[in-house]
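# Structural overview for review
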Amino acid sequence: MIRAFLKKVGLLSDNQEQSPLIIPRKKHGISRKDISENALKVLYRLNKHGYGAYLVGGGVRDLLLGLHPKDFDVATDATPDEVRRIFKNCRLIGRRFRLAHVYFGHDIVEVATFRGKDQTSNEALAHSEKGMILRDNVYGTIKEDVWRRDFTINALYYNIKDFSVVDYVGGYADLKAKKLRIIGSPKERYREDPVRMLRAIRFACKVGFEIPKELSAPMKELKELISHVSSARLFEEMMKMFHSGAAKLAYENLLQQDLFDALFPATAKALGQTTYPTHALLTTVFENTDKRIKEHKTVTPAFIVAALLWHPICLHAQKYVDEGMTVYMARMKAIEDMLREQIKLISMPKRIVQGARDIWLLQMRLGKRQGKRALQLIAEPRFRAAFDFLEVRAHCGEPVKDLATWWKTFIDANEEQRRIMIKALGGKKTRRKPKRKKAPQEES
Ligand code: ATP
Ligand code: MG
C-alpha cells in the first residue's frame, strides 16, 4: 500500500524499490569518531556474529545534519532472542514493539530487529478498529523495515560493514533539501500511530525544517486520535519535545496546528483568558529550557509541568474561593483536580508530580515570610525551583514583582541583613478571617 502510494507520487521508482541509493563513506561525511563507543561495540559485535548491523534513525539523521545525536539506535536482522544471546548485558523490553536494550552502565543502546511486511492475520501484528498499530513484532529484512519508519530522513541506515549510508526512500536528498516527508500517506500513517503528528512537529522544529502542508493539513481532523495513545507514550514524547532544544518552537507549532489542546486541554483553555499571562509564562519557560539545553545544563521536567498547569490551577481554584473556601485550601484542591485530569491523558512519574506540587505549594508559602518562616523556606529542598518560578511569574506580569525582588535580596543577603529584612516585615501577623479574594492580587 505504502509502496504503491510512493510510486504514485513519484517518491519511489521501480528502480529504487529494487536497489537503494548507497552513499559511500567518502561522500556522506559520517565519521566513526562521532558515534558513541557503545553503539560501535554493538554494531561490530552483531556483525562479527554474522548479522547485518546498521545505525538508523536520529543518530544518522543528526550526524548528517552536523548535530550531536543524543542516542544511537541500532537495526539488525538478528531477532531479539538472538541479540540477547550475543550480549550478556541485554534485556528485552516492550510487548507492543519488542526491542533489545544493551546496557553499558547508565548508557543503553537500543537494538531493533527489522520489521517485516504487513500480515494482518498474524498474531504478531495487530491493528485497532481505527487502524492504529497495537503490536508489530513481525520480523523481516532491511528492505521491508524501511517502510514502517515514519519520515524519510529517519529511514537512513549506516552500514557498519562498509560505512556506507543505505537509502531506500530518498531521505538523503530530503535532508539536503530540508524536507520533512512522511513515508506513505500522511493520514494513513497518522491513523496507524497518532504520535507521528507530534513527531512531525518535534523533528521539524529540532532540525529547522518547515512542516509541509501535506503533513499539517490532516492534523486537525485526526487530533482526536491522540487521546487513544497510551498516556505513558505521550509522556515520553512530551519529554523528548521539551528536551529537544526547540521546545518553544514546538509549543508554538502545537498551537498553530491546533494540537496543543489535545495534550493539555486545561492549559489550552487558560490560554483563552486574560486574568493570567499564560502564553507569556509558557513562552518564557520554554525559552529558558531551550537555553539550558544549549548550555548542556539539566532541565527539570517538574518545573515545566508546574508552568503548564499553574494558571489552570489558579483559575479552577477561583471557583472554590467563590464557594467560600480560603485561597490556600482552594488551590490545594485545584492542584489535585488538575493533576488527576492531566495524568489521565499524559502520565507522569511520581517524582515529577511531587516536584510540581512542591513548586505550587511553595508559591503560596513564599508570601509568608515573618518570624522564622523565611529561613525555614529557604532551607526547603525545592526552594530554588520555587523561587525561579516566582521570578518567571513576576517577569510575565503576575502581581508578585515585589515579593520576587524581596526574595532575591534575601537570598543574597548575609545573616544580619536577613534579620533586618525580616524585622522590617513587622511582627507575626494575627490570623485573618478567611475572606473572599478575587485572584490575582499581589501575594504577600
Ligand atoms: P530522537 O532519538 O532524536 O528523538 P529518532 O528519530 O531517533 O529521534 P526514536 O524514537 O529514537 O527517534 O526512533 C528511532 C527510529 O525508529 C526513528 O528514526 C524512526 O525511523 C523509527 N520510529 C520511531 N518511532 C516511530 C513511529 N512512531 N513510527 C514509525 N517509525 C518510528
Ligand atoms: Mg533515537
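Shown above is the structure to which this text applies.
Residues numbered from 1 in each chain as written. Chains lettered and ligands numbered in written order. Predicted model: local features only at pLDDT ≥ 70, side-chain atom pairs only at ≥ 80, totals over all residues. Heavy atoms only, no water.

Here we come to the pairing of strand β4 (residues 90-93). Here β4 shows a buried face lined by C90 and L92 and an unburied face lined by R91 and I93. Sheet analysis places β4 next to strand β5 (residues 99-104), joined by 4 bridges and oriented antiparallel. Residue pairing in the sheet places I93 in a bridge with L99 of β5. In this structure, the hairpin formed by β4 and β5 is closed by a connection of 5 residues, where G94 is found at a positive phi of approximately 80°. (Buried < 20%, exposed > 50% of the residue type's maximum accessible area, 1.4 Å probe, protein only. Helix = DSSP H or I, 4+ residues; strand = E, 2+ residues; numbered from the N terminus. Pairing = 2+ DSSP bridges.)

Taken together, the neighbourhood of ligand 1 is formed by 18 residues, with G58, R61, D193, R196 and R202 sitting nearest. One nitrogen or oxygen atom from the main chain of N154 is found 3.0 Å from an oxygen atom belonging to ligand 1. Within the side chain of D193, an N or O atom sits 2.7 Å from a nitrogen atom of ligand 1. Contributing elements (two or more residues each) for the shell around ligand 1: α5 (58-64), α10 (195-207) and α13 (231-242). A breakdown of the residues in the shell around ligand 1 according to their chemical character gives 1 nonpolar, 3 polar and 14 charged. (Near = heavy atom within 4 Å. Polar contact = N/O pair within 3.5 Å; in protein donor to acceptor, adjacent residues only side chain to side chain. Nonpolar A, V, L, I, M, F, W, Y, C, P; charged D, E, K, R; others polar.)

In this section: the coordination of the magnesium ion (ligand 2). Within the protein, the atoms that donate to the magnesium ion (ligand 2) are D71 (OD) and D73 (OD), at distances of 2.3 to 2.6 Å. Its relative accessible area of 33% is what places D71 among the partly exposed residues. Residue D73 is classed as partly exposed on the basis of its relative accessible area, which comes to 22%. (Donors = N, O, S within 2.8 Å, 3.2 Å for Na, K, Ca; no water.)

Of the pairings in the sheet, the one linking strand β2 (residues 53-56) to strand β3 (residues 73-76) comprises 4 bridges and is antiparallel in character. Along β3, the bridge assignment pairs V56 with D73. Here 4 bridges tie β3 to strand β6 (residues 107-113), and the two strands are oriented parallel to one another. The residue bridging A75 from the neighbouring strand is A112, located in β6.

Turning our eyes to something else, we now look at helix α18 (residues 301-322). For an α-helix the count is 3.6 residues per turn, leaving residues at separations of three or four pointing the same way. Helix length check: α18, at 22 residues, gives a terminal C-alpha distance of 32 Å against a target of 32 Å (1.5 Å per residue), a fit within 8%. L309 marks the point of greatest bend in α18, at about 40°, and the proline P312 comes within the next four residues. For α18, a buried count of 19 out of 22 residues is recorded, marking the element as mostly surrounded by other parts of the structure. Just past α18, the residue G324 takes up positive phi, approximately 110°. (Expected span 1.5 Å × (residues − 1). Bend = angle between axes of the 7 residues up to and from the residue.)

Before going further, it helps to spend a moment on the environment of I313. Within the secondary structure layout, I313 lies in helix α18. In this structure I313 comes out as buried when scored by relative accessible area, which is 0%. Put simply, I313 and R331 are 18 residues apart on the chain and 6.6 Å apart in space, counted from C-alpha to C-alpha. If we skip the residues at most four places from it in the chain, I313 touches R331, A334, I335, M338 and W360. (Contact = heavy atoms within 4.5 Å.)

Next up on the list: the environment of K48. Residue position: K48 is located in helix α4 (residues 37-48). Exposure remark for K48: the relative accessible area of 70% places this residue in the exposed category. The spacing of K48 and T405 is 357 residues in sequence and 63 Å in space, taken between C-alpha atoms.

For the structure shown, the criterion picks out 3 cavities of 30 Å³ or more. Counted as a void, the largest cavity has a volume near 90 Å³. Counting residues per element, the ones that place at least two in the lining of the largest cavity are α13 and α18. With 4 residues, α13 is the single largest residue contributor to the lining of the largest cavity. By residue class, the composition of the lining of the largest cavity is 10 nonpolar, 1 polar and no charged. (1 Å grid on protein atoms, 1.4 Å probe; cavity = no way out; pocket = protein on both sides within 12 Å on 5 of 7 lines; lining within 4 Å. Points joined across faces, edges and corners; volume = space filled by probe spheres on them.)

Next up on the list: the packing of helix α20 (residues 350-365) against helix α22 (residues 383-395). To characterise two packed helices, one gives the angle between the axes of the helices and the distance between these axes. The geometry of α20 relative to α22 is characterised by a closest axis approach of 9 Å and an angle of 65° between their N-to-C directions. Our classification of the angle between α20 and α22 gives roughly perpendicular. Classified by chirality, the crossing of α22 by α20 is right-handed. Across the interface between the two elements, I359, L362 and Q363 of α20 pack against F383, A385, A386, F389, L390 and R393 of α22. Across the contact of α20 with α22, the residue classes break down as 7 nonpolar, 1 polar and 1 charged. (Axes fitted to C-alpha atoms, helices over the stretch in contact; angles between N-to-C directions. Parallel < 35°, antiparallel > 145°, perpendicular 65-115°, else oblique. Left-handed = near helix turned anticlockwise from the far one by under 90°.)

Now for the sheet that holds β2. Read across the sheet, 8 strands follow the order β1-β10-β9-β2-β3-β6-β5-β4 without closing on themselves; strand pairing throughout is mixed. If you trace the sheet from one side to the other, it starts and ends with β1 (21-23) and β4, each paired once. On average, adjacent strands in this sheet sit at an angle of 30° to one another, irrespective of strand direction.

Right, let's get into the packing of aromatic side chains. In this structure the tally under the stated criterion is 15 aromatic pairs. Summarising the aromatic geometry, the rings of F151 and F203 are spaced 5.9 Å apart at their centres and angled 80° between planes, so their arrangement reads as edge-to-face. Separated by 52 residues along the polypeptide, F151 in the loop between α7 (142-145) and β9 (156-159) and F203 in helix α10 bring together distant segments of the chain. For the pair shown, F151 and F203 are each scored as buried. Among the aromatic residues, those joined into a ring-pair cluster are F242, Y251, F260, F264 and F286. R32 extends its terminal NZ or CZ atom over the ring of F163, reaching a point 3.8 Å from the ring centre. For the cation-ring pair, R369 lies above W406, with the distance from its terminal atom to the ring centre recorded as 4.7 Å. (Phe/Tyr/Trp six-rings, centres within 6.5 Å; stacked < 30°, edge-to-face > 60°. Lys NZ or Arg CZ within 6 Å of the ring centre and 35° of its normal.)

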